[in-house]
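# Overview (structure and organization)
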Amino acid sequence: MAAYPRFMTSAPLTRRAIFAQAWPIMLGQTTVPLVGLVDTAVIGRTGDAAALAGVALGTVVINMIFWTFGFLRMGMTGMTAQAEGAGDAQEVAAMLLRGVIAGVVLGAILFALQIMLVPLTFGVLSGGGALDAAARGYVGARFLGAPASLAVFAINGWLLGLGRTRAALALQIAMNLVNIGLDLLFVRHFGLGARGVGLGTACAEWTSLALGLMIAGRGLDWRRQLSPALFGGGALRRLFAVNADIMLRTMALLLLFVWFTNAGARLGATALAANHVLMQFVSVSAFVLDGFAFTAEARVGQAIGARSRAAVVRAIRLTGEFSLAAGIGFALLFLALGGPLIAFFASDAGVRAQAMAMLPYAAIIPAIGVPAWLLDGIFIGATRGRALRNAAIVATALYIATDLALRPWGESGIWWALTASYLYRAASLGAHLPGLLRTIEVAEPAPGP
């Protein structure tokens, strides 16, 4: 086996340890929506509602395409954690290289296929005119960073699977600082509008890939790992087989959010822009609460690799306690400070008024979404892709049916349906939890002296 340090196996499973592992993720994840907030503020304060709505629409298009390959992050976390828990150091190291290579290759294919993917995606979204022009400029620029973006998914998943959350934090902060700086440069100084936002993100993704390889590769014996065994024995086939269901799950959830965005677009640019501003609030809470969901991924994966059902149950309970408290805290915070934040992010009076009217719906989502987000982490760490896939498909189908039923309610109906979608996801995944616990193998006790 290749020599490689083990990161997690000796870490205790206590509240202190859980928080110590989670806080760097939370801090790093805070900077992810911070970039979206800066994008929104930079474009929103130009007073151009069409440009702001275009970035909103373009972001959904990119998320729909790029996050189809989000399994490169999610699957890597669970598989790496399980290899770590089982003590397979060589497989841990090989997972990094497989993931990065897969990400670069898939990203290059996406870049080549954008000439077909972009028109197809815009064909199912409501837009038109200046809105579509701004969105297409943003999307075209973002595709320049596709190979780096997908490879960084894999690096982040690998670091999180090992519990190297401080390294993941450093990588995330560096990427987002570059992104914010370039957004301000391209939009405020060069006046590139929505396209400038996309160019800033693409450049930041390539910077992040270079830095990520430096951070993650430290201590690896690259020459030894770059061998036929790296791809032998169906290694890549297993990587994609394990994650095929996770990919379908991601596609189902992306459809859910595309439907939500399109529902706002049907009501016009003002409603779409207002929803985009409010979704930044939801994104902030979701990304920060992912600190505990990602910790659950790593801890559950490690415990399964070590064949310890008791450790799985304790990891679920401890991460659940933190998640619920944080979700309630975010809901109260947004209710208290939502008005001033909306006023800061949008200068258009119509957008502000619409966002204020829908604020209570967005504010309550952090508390309601906790079970869905945490259960996602649990099942990703357990690499139970089928359960994730089925739950996402059920939740998306029920959400669409709810949205259609509530269309007479206008904008309120759109937000009621989105809120219900989190309950659907939690209920669907929760139904699989007892079965997951029953299937965990329990290690035989060590023989006595």
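An account of the accompanying structure is given in this report. (Residues numbered from 1 in each chain as written. Predicted model: local features only at pLDDT ≥ 70, side-chain atom pairs only at ≥ 80, totals over all residues. Heavy atoms only, no water.)

A word on a nonpolar patch on the surface. Taken together, the side chains of Ile 101, Val 105, Ile 109, Leu 113, Ile 115 and Met 116 make up a nonpolar region of the molecular surface, amounting to roughly 540 Å² of accessible area. When you line up the elements, Ile 101 lands in helix α4 (residues 89–123). For Ile 101, a relative accessible area of 34% puts it in the partly exposed group. (Patch = residues over 30% accessible without salt bridge, like charges linked within 9 Å, V, L, I, M, F, W, Y side chains within 5 Å. Areas by Shrake-Rupley, 256 points an atom, 1.4 Å probe, with all protein chains shown as cover. Salt bridge = Lys/Arg side-chain N within 4 Å of Asp/Glu carboxyl O. Helix = DSSP H or I, 4+ residues; strand = E, 2+ residues; numbered from the N terminus. Buried < 20%, exposed > 50% of the residue type's maximum accessible area, 1.4 Å probe, protein only.)

Here we take up the environment of Phe 287. Counting through the fold element by element, Phe 287 comes out in helix α11 (residues 269–305). Separated by 262 residues in the primary sequence, Phe 287 and Ile 25 place their C-alpha atoms 8.9 Å from one another.

This paragraph deals with unusual backbone geometry. Even without being a glycine, Arg 307 presents a positive backbone phi close to 60°. Topologically, Arg 307 is positioned in the loop between α11 and α12 (309–345). Owing to a relative accessible area of 36%, Arg 307 belongs among the partly exposed residues under this scheme. Unlike most non-glycine residues, Thr 383 shows phi in positive territory, near 50°. Among the structural elements, Thr 383 can be located in the loop between α13 (349–381) and α14 (385–405).

A word on α11. The sharpest bend along α11 measures roughly 35° and falls at Gly 291. Within α11, 32 of the 37 residues are buried, which leaves it mostly tucked inside the rest of the structure. Positive phi appears at Arg 307, one or two residues downstream of α11, with a value of about 60°. (Bend = angle between axes of the 7 residues up to and from the residue.)

A full pass over the atoms with the stated rule returns nine salt bridges. Note that Arg 389 and Asp 245 form a salt bridge whose closest N and O atoms lie 3.0 Å from each other. Of this pair, Arg 389 sits in helix α14 while Asp 245 sits in helix α10 (residues 235–266), and the two are 144 residues apart along the sequence. A relative accessible area of 17% means that Asp 245 is categorised as buried. As a salt-bridge pair, Glu 321 and Arg 317 come within 3.3 Å of each other at their nearest N and O atoms. Linking Glu 321 with Arg 317, this pair stays in helix α12, spanning four residues, or about one helical turn. You can call Arg 317 partly exposed: its relative accessible area is 40%.

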